[in-house]
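# Remarks on the overall topology
Given next are the chains, with one letter for each unit.
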Amino acid sequence: MKRLLILGGGTAGTMVANRLVHELDMAEWQITVVDQDETHYYQPGFLFIPFGAYGKADVMRPKRDYLPREVEVIISEIRLIEPDKNQVQLVKENRTLRYDYLIIATGSHIVPEETPGLMEDEWRKSIFDFYTPDGAVALHHFLRTWQGGRLVLNVAEMPIKCPVAPLEFLFLADAYFQDRNMRDRVELIYATPLSSAFTKPIAARQLGDLLEQKNIKLVTDFNIASVDPDKKAILSYDDQAIEFDLLVSIPTNMGSDVIERSGMGDDLNFVPTEKHTLKARDYDNIFVLGDATNLPSSKAGSVAHFQVDVFIENFMRYLDGLELLPTFDGHANCFIESGHGKGFLIDFNYDVEPLPGMFPMPGIGPFSLLKESRVNHWGKMMFRWTYWNVLLKGKEMPIPAQMSMAGKWQR
Amino acid sequence: MLTKELNVALDAEGFMTDPSQWTPEIAEMMAVEEGIAPLTERHWQVINWVRQEAASSGEFPSLRAISKRSGVDTKELYELFPKGPARKIARCAGYPKPKGCI
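Residues numbered from 1 in each chain as written. Chains lettered and ligands numbered in written order. Predicted model: local features only at pLDDT ≥ 70, side-chain atom pairs only at ≥ 80, totals over all residues. Heavy atoms only, no water.

### Quick look at the overall build of chain A
- Scanning chain A for helices and strands turns up seven helices and 24 strands.
- Looking at the 411 residues of chain A, the share that counts as buried comes to 61%.
- Summed over its atoms, the accessible surface of chain A is roughly 16,700 Å², and 47% of this surface lies on carbon and sulfur atoms.
- In chain A, 42 positive and 56 negative side-chain charges are present, and the distance between their average locations comes to 5 Å. (Helix = DSSP H or I, 4+ residues; strand = E, 2+ residues; numbered from the N terminus. Buried < 20%, exposed > 50% of the residue type's maximum accessible area, 1.4 Å probe, protein only. Areas by Shrake-Rupley, 256 points an atom, 1.4 Å probe, with all protein chains shown as cover. Lys, Arg positive; Asp, Glu negative; His and termini not counted. Charge placed at Lys NZ, Arg CZ, Asp CG, Glu CD.)

### Topic: the interface of chain B and chain A
- At the junction of the two partners, chain B supplies 11 residues and chain A supplies 20 residues.
- Where chain B abuts chain A, roughly 1,500 Å² becomes buried across the two surfaces, and 51% of that area is made up of carbon and sulfur atoms.
- For the pair chain B and chain A, the interface holds four salt bridges.
- Residue Arg69(B) is joined to Asp267(A) by a salt bridge in which the shortest nitrogen-to-oxygen separation is 3.0 Å.
- Across the contact surface, chain B and chain A share six residue pairs in polar contact (both at pLDDT 80 or more).
- Contributing elements (two or more residues each) for the side of chain B that touches chain A: α3 (63-69) and α4 (74-80) of chain B.
- Per element, the largest residue contribution to the side of chain B that touches chain A is four residues, and it comes from α3(B).
- Looking at the side of chain B that touches chain A, its residues break down into four nonpolar, one polar and six charged. (Contact = heavy atoms within 4.5 Å. Buried area = accessible area lost by both parts, 1.4 Å probe. Salt bridge = Lys/Arg side-chain N within 4 Å of Asp/Glu carboxyl O. Polar contact = N/O pair within 3.5 Å; in protein donor to acceptor, adjacent residues only side chain to side chain. Nonpolar A, V, L, I, M, F, W, Y, C, P; charged D, E, K, R; others polar.)

### Topic: the packing of aromatic side chains
Residue and element names in this part refer to chain A.
- As enumerated under the stated definition, the model contains 28 aromatic pairs over all chains in all.
- With 5.0 Å between their ring centres and 45° between their planes, Tyr-66 and Trp-388 make a pair best called tilted. Taken together, the positions of Tyr-66 in the loop between β4 (60-62) and β5 (72-75) and Trp-388 in helix α7 (residues 374-391) put the pair 322 residues apart, joining distant regions of the chain. Side by side, Tyr-66 and Trp-388 carry an identical accessibility label, which is buried.
- Between Tyr-101 and Phe-315, the ring centres sit 5.3 Å apart and the planes meet at 85°, which makes this aromatic pair edge-to-face. In this pair, Tyr-101 is assigned in strand β9 (residues 101-104) and Phe-315 in helix α6 (residues 301-319), connecting sequence segments 214 residues apart.
- Classification of Tyr-101 as buried rests on a relative accessible area of 19%.
- Phe-315 gets classed as buried once you look at its relative accessible area, which sits at 1%. (Phe/Tyr/Trp six-rings, centres within 6.5 Å; stacked < 30°, edge-to-face > 60°.)

In structure tokens, the structure reads:
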């Protein structure tokens, strides 16, 4: 029996397990998935919890329900990856699992401890995150009785999971406070370490304009050094201060601690990965999928999905002794909620920034690209069903893994 | 721009496109353009470490990596290279603009 071990049963790990059981001869292979958490979270849904559109139950399902019956599932923390011995040590029962091939899909998570002052007295009193279910729920409770003031949304440092989430949060906040007839009592400020509203120029311009229209103040090049919880202010390395009544923080995002313990990561515990093949840079029988990579692609579910598509084909070649093809192009496809039942869609890769145009999708689309529309909002809302029922289960999606220029307007 | 006189390839934003063309004189000229000249020993510690790291790893280090391992912490990096240290360090060290992650 050949052994394939998948670390992490989140979006990437679940999708790849579902695909592999169909591609591999399960009489010859044993596949094991290890994850420390029984619950699968629909992470794109966290954004809607603070505004009461979703509750916690809407974004939680048991992991086992989405993993194929043919794979062994172990719920345990991972103590250490030992790539030189082709084995992984688990905390549970001190088990050691040997592998022939390893897939690392341990994701990324927020580490508020990285910013001094963030988790002191004001944490979950006037300082919240919405990247954890508990944080999003706590923020929802806070917002229900908030009388207004200055809301500062701060991104601590890049990269973050779902780089459009901060903008979506602000657009939805603008709409939420309007609906509650208190928009005039709320000042919205977006303090970002980036030099514009978004990382890519054309989209940054469009989204920047929208911030202005919605009277959301943009503070660029703000690199947070610390939070002063007594003065209720965020302080930058170059001594700027922004006071807040409510701070919504997107703290530093890092890869799993086990990557650091195993000496396999960069300074943020992301695993050095070959950009176009998804093989671990330093190991020939290890692949890295989803947020765990150090790649300059977005940390997003759509990216994990496209990665899994190209990985499966490449892995089959690899097992046959053929070389890996450079087929991963950094493709990302993201709906951006813009409030009042409208949304944007952006589609891009390593080399092509988000462009305006129309995005063809058989049966449902087309969706307008980089432009507000109601259809895009419904695309996002429908996506939760698609996620649980199609995407995770590894069924065919009507979007090609590689980005296509079809429908995009070039200048 | 001053650096044009040195006959090295620059992109539209004034970053060098080929780090192998770099010389210490270029760093000094970039520093003038960035308004941080003259370069001190502390600046050079950062620039030299970054060039060494980028050459050995093949990738320009993140600000976090620089502050962790160059011997100059984040606070001082912002004093030495105010307003956007990553970009200023990249220019002085002769590397393309660091790709802000997406």
